[in-house]
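Residue-level structural notes
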Amino acid sequence: MDKRKVIKAALLGLGTVGGGVYKLAARLKDEMVYKTGAELEISKILVRSLGKKREGVDPALLTDSWREILEDPEISLVIELMGGIEPARTYVTEALKAGKNVVTANKDLLAEHGGELLNLAQEHGCDLMFEAAVAGAIPIIRALKQGLSGGLITEVAGIVNGTTNYILTKMSEIGMDYEDALAIAMEKGYAEADPTADVEGHDAGRKIAIMASIAFNSRVTFSQVYTEGITKITAKDIRYAKDFGYVIKLLGIAKKDEDGIVVKVHPMLLPEDHPLASVRNSFNAVFLHGEACDDAMFMGRGAGEMPTASAVMGDVIDVMGNVVHGCCGRMGCTCYKNLPVKGEESTYSKFFLRIQVKDRPGALANISGVLGNNNVSIAQVYQKKSENGIAELMIITDRVLERNFNDSLAIISGMSAMKEISSVIRVY
Ligand code: NAP
Ligand code: HSE
């Protein structure tokens, strides 16, 4: 071990994840030598503000100059943990062009520019790894790219946003307010700097785009994903869902059939006995179905300092092994098909509809008539005792074409008996 190889790396970013990676790399120092045959040296750390206090970090490593890292020929690995598209896209591009391997946790970047960056990595014989970009510590990227690559995957459904799962769990189990639960998720470091991306489903949308691309070997970008967040989910929806035997979860879903791919993120009523229904708090889980592999589920911590650092370090160790064995760039872009991504209107779903109607003869008959005329079949219906002349009506439909359901909703909302459409949530 005397002449051990030293692999020099630069960290871009020293926030929640970067800080975790810095600490974990120190703890794994000797382990890495046994696992890869090389030693890792973090020789530079790029940050935005040099003046910020950073406990336990040697200030001599800090820099605010990307060029200093790019132009250092000894640095062969760049670990990008800044987030956002720019300047991350430019830095990753320049690093790959300079022959440096890249590990990143950046789903924003991968979900829009994954194709171009993976091709660039291949062109330059470099590794570009991004396990931490989806579902934190769960090794789902590797599972899809390697272990399940013969599984003939047809469906990927995931709880892939820790913040929203935490909020929905707390609202459902202890009646916590949405705002209070979000504040705790932010304090614990699960949420993005701007939590809009979490609660509006954009973060989950990026992750499902990445997973769909790998699972179906066909590029899906975030802009092709239909997204709906959890901001309209009320305590009442959660209570009624429970009465019907469901829990509400924010799901990213990707399905493939002979016509193409459907990729969506939205809240869903999930049957209480579905494996994803028991995934609580900030935990993530990905449920898969394949013609060959059948059903499989992966569960673990999807966010936070150390779980995310764990996934990043898994990639770092892999890259180091490849450097030692001279086989970087082995795993490039796996999107060799070009399948169409279908719009949500032409897909099929079951719906839960909660509406307030004037309690008068024929109101329910008229509503069910409109649904029937539009080919929307009702599976379950429940009407609460009316208060002040207003009755609350809950309807669960069978699997229907979304366009037909939306057409009926447009007619129902214009009916004279209609007071309010309170909720429309898809059902698994
Ligand atoms: P963060 O806490 O906001 O940290 C960002 C770091 O990047 C900070 O150290 C910041 O420097 C630095 N930075 C930002 N812009 C920069 C720029 N233009 N130039 C130089 N440095 C810059 O973010 P995070 O939560 O660690 O997330 C990092 C990445 O991991 C993101 O892509 C995120 O989506 C992904 N991720 C996060 C989690 C999680 O649980 N947090 C989980 C999975 C994936 P200063 O310290 O000087 O401000
Ligand atoms: N904001 C994300 C979440 C972090 O809540 O899951 C992990 O990507």
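The structure displayed is predicted, hence computed values, not measured ones.

Digging into the pairing of strand β9 (residues 246-257)
One face of the sheet, then the other: side chains in a regular strand alternate in exactly this way. Across 4 bridges, the pairing between strand β7 (residues 153-159) and β9 is antiparallel. Counted as the bridge partner of Val 156 is Ala 254 from β9. Relative to strand β10 (residues 260-271), β9 runs antiparallel, the two sharing 12 bridges. Each bridged residue has a counterpart across the sheet, and for Leu 251 the counterpart in β10 is His 266.

A closer look at a nonpolar patch on the surface
Together, Leu 364, Ile 378 and Val 381 make up a nonpolar patch on the protein surface, roughly 220 Å² of accessible area in all. Inspection of the secondary structure puts Ile 378 in strand β14 (residues 378-383).

Quick word on the site of ligand 1
Of all residues adjacent to ligand 1, which total 24 residues, the nearest are Leu 14, Val 17, Ser 49, Arg 54 and Gly 304. Within the contact set of ligand 1, an oxygen atom lies 3.0 Å away from a backbone nitrogen or oxygen of Thr 16. Measuring from an oxygen atom of ligand 1, one finds a side-chain N or O atom of Arg 54 at 2.8 Å. In isolation ligand 1 exposes 900 Å². Once the protein is present, 86% of that is buried. When atoms are counted within 2 Å of each cavity's grid points, the one that captures over half of ligand 1 is the largest pocket. Across the shell around ligand 1, the residue classes break down as 10 nonpolar, 9 polar and 5 charged.

What about the domain arrangement of the protein?
According to the domain assignment, the protein contains domain 1 (5-136 + 305-325), domain 2 (140-301) and domain 3 (345-427). The C-alpha-based centres of domain 1 and domain 2 are spaced at 27 Å. Counting from both sides, the interface comprises 20 residues of domain 1 and, opposite them, 21 residues of domain 2. Carbon and sulfur atoms supply 56% of the area that domain 1 and domain 2 bury against each other, a total of about 1,600 Å² over both sides. By the criterion of area lost to domain 2, the three top residues of domain 1 are Lys 107, Glu 131 and Val 134, representing 34% of everything that side buries. One can count 6 salt bridges joining domain 1 with domain 2. Along the contact surface separating domain 1 from domain 2 lie 9 residue pairs in polar contact (both at pLDDT 80 or more). Put simply, the parts of the chain that give the side of domain 1 that touches domain 2 at least two residues each are α5 (107-123) and α12 (305-325). Looking at which element gives the most residues to the side of domain 1 that touches domain 2, the answer is α5, with 8 residues.

Rules and cut-offs
- Residues numbered from 1 in each chain as written.
- Chains lettered and ligands numbered in written order.
- Predicted model: local features only at pLDDT ≥ 70, side-chain atom pairs only at ≥ 80, totals over all residues.
- Heavy atoms only, no water.
- Pairing = 2+ DSSP bridges.
- Helix = DSSP H or I, 4+ residues; strand = E, 2+ residues; numbered from the N terminus.
- Patch = residues over 30% accessible without salt bridge, like charges linked within 9 Å, V, L, I, M, F, W, Y side chains within 5 Å.
- Areas by Shrake-Rupley, 256 points an atom, 1.4 Å probe, with all protein chains shown as cover.
- Salt bridge = Lys/Arg side-chain N within 4 Å of Asp/Glu carboxyl O.
- Near = heavy atom within 4 Å.
- Polar contact = N/O pair within 3.5 Å; in protein donor to acceptor, adjacent residues only side chain to side chain.
- 1 Å grid on protein atoms, 1.4 Å probe; cavity = no way out; pocket = protein on both sides within 12 Å on 5 of 7 lines; lining within 4 Å.
- Sits in = over half its atoms within 2 Å of the grid points.
- Nonpolar A, V, L, I, M, F, W, Y, C, P; charged D, E, K, R; others polar.
- Domains from an automatic or database assignment.
- Contact = heavy atoms within 4.5 Å.
- Buried area = accessible area lost by both parts, 1.4 Å probe.

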